[in-house]
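Below are the chains, spelled out letter by letter.
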Amino acid sequence: MKMNFFLDFKKNFGYKAAVLIVLSLLSFGIFAKDLFLAYLPAQATKTGDNKYQLMKDFDTSVKQVQALFVGDSSVKDELLTNEENYRVHVFYNLKQSAPWHKIYVIGWDDKVFARIFK
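Now for a description of the structure that goes with this document. (Residues numbered from 1 in each chain as written. Predicted model: local features only at pLDDT ≥ 70, side-chain atom pairs only at ≥ 80, totals over all residues. Heavy atoms only, no water.)

1. Here we look at the overall build of the protein chain
What counts here: The helix count covers DSSP runs of H or I at least four residues long, the strand count covers runs of E at least two residues long, and both are numbered beginning at the N terminus. Only protein chains enter the area calculation, which uses a 1.4 Å probe; residues under 20% of their type maximum are buried, those over 50% are exposed, and those in between are partly exposed. The criterion used for residue contact is that any of the two residues' heavy atoms lie within 4.5 Å. Areas reported as accessible are Shrake-Rupley estimates using a 1.4 Å probe. Residue values count occlusion only from the protein chains shown.
Broken down by element type, the protein chain carries 2 helices and 6 strands. Moving toward the C terminus, one meets the helices and strands of the protein chain in the order α-β-β-α-β-β-β-β. Taking all 118 residues of the protein chain together, 25% fall into the buried category. Counted over contacts in the protein chain with a minimum sequence separation of 6, partners at least 24 positions apart contribute 36%. Summed over its atoms, the accessible surface of the protein chain is roughly 8,700 Å², and 60% of this surface lies on carbon and sulfur atoms.

2. Regarding the layout of surface pockets
Put simply, the rule is: Points on a 1 Å grid, built from protein atoms alone, make a cavity when a 1.4 Å probe fits but cannot get out and make a pocket when they are open with protein on both sides within 12 Å along at least 5 of 7 lines; residues with an atom within 4 Å of a point are the lining residues. Grid points are joined across faces, edges and corners, and a volume is the space filled by probe spheres set on the points. Each residue gets one of three labels, nonpolar for Ala, Val, Leu, Ile, Met, Phe, Trp, Tyr, Cys and Pro, charged for Asp, Glu, Lys and Arg, and polar for the others, Gly among them.
For the largest pocket, the calculated volume is near 150 Å³. Lining of the largest pocket is provided by Asp-57, Phe-58, Glu-84, Asn-85, Tyr-86, Arg-87, Gly-107, Trp-108, Asp-109, Asp-110, Lys-111 and Val-112. Those elements that provide at least two residues to the lining of the largest pocket are strand 4 (86-93), strand 5 (102-108) and strand 6 (111-117). Counted by class, the lining of the largest pocket contains 4 nonpolar, 2 polar and 6 charged residues.

3. A short note on the side chain of Ser-74
Residue placement: Ser-74 occurs in the loop between helix 2 (58-68) and strand 3 (75-82). Setting aside residues up to four positions removed in sequence, Ser-74 forms contacts with Tyr-92, Asn-93, Leu-94 and Lys-95.

4. Here we look at the sheet that holds strand 6
Using the following cut-off: Here, a strand pair is defined by DSSP locating no fewer than two bridges between the strands. Comment: axis = line fitted to C-alpha atoms, over the contacting stretch for helices; angle = value between 0 and 180 degrees taken between N-to-C directions.
Pairing is antiparallel across the open sheet formed by 6 strands, whose spatial order is 1-2-6-5-4-3. Looking along the sheet, the strands with just one partner apiece sit at the ends: strand 1 (45-48) and strand 3. Strand-to-strand twist in this sheet, taken as the mean axis angle between neighbours without regard to direction, amounts to 25°. Both strand 2 (residues 51-54) and strand 6 contribute to a ladder of 4 bridges, which runs antiparallel. Its bridge partner lying in strand 6, Leu-54 is registered against Val-112.

5. Let's talk about the pattern of salt bridges
Going by this rule: For this analysis, a salt bridge means a side-chain nitrogen from Lys or Arg found within 4 Å of a carboxyl oxygen belonging to Asp or Glu.
Here the structure, examined in full by the defined rule, presents 1 salt bridge. Of the charged contacts in the structure, one is a salt bridge between Arg-87 and Asp-59, with a shortest N-O distance of 2.8 Å. With Arg-87 in strand 4 and Asp-59 in helix 2, the pair connects residues that are 28 residues apart, well separated along the chain. The exposure class of Arg-87 is partly exposed, given its relative accessible area of 22%. Classification of Asp-59 as partly exposed rests on a relative accessible area of 37%.

6. As for the packing of aromatic side chains
How we decide: Two rings belonging to Phe, Tyr or Trp (six-membered ring only in the last case) form a pair when the distance between their centres is within 6.5 Å. Interplanar angles under 30 degrees mark stacking, angles over 60 mark edge-to-face geometry, and anything in between is tilted. Only lysine NZ and arginine CZ atoms are considered, and such an atom sits over a ring when it is within 6 Å of the ring centre and within 35 degrees of the ring normal.
A complete count under the given rule lists 4 aromatic pairs for this structure. A ring pair is formed by Tyr-104 and Phe-117, whose centres lie 5.6 Å apart and whose planes are at 85°; its orientation type is edge-to-face. Taken together, the residues Tyr-104 in strand 5 and Phe-117 in strand 6 connect sequence positions 13 residues apart. Every member of this aromatic cluster is reached through a ring pair, and the members are Phe-69, Phe-91 and Trp-100. Positioned above the aromatic ring of Phe-113 is the side chain of Lys-51, whose terminal nitrogen or guanidinium carbon lies 4.7 Å from the ring centre.

Structure follows, in structure tokens:
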């Protein structure tokens, strides 16, 4: 009887340990992914802390970000600066509980970047 109990305990412990290891690996994978990339076009690449490079030109990048928020009444946007080699378009998130509050799409010298602020 004691041997049966020991084998059942060993199987149960092994199962729980395996589940714990799998869940730990999944959680590391989820937290390792940059969650702000979900708010930017698919071709965005991280270049710094909350700074991302967009691969398209300024107008196309702005249209792609706008397309991500179509129908969301809590996201407003406007063009802040439109000079010869420097343009800034900002997206405002009006939700208090949102993970981001401002996304700046900045274009200068044929380069386009996005900055996200909490």
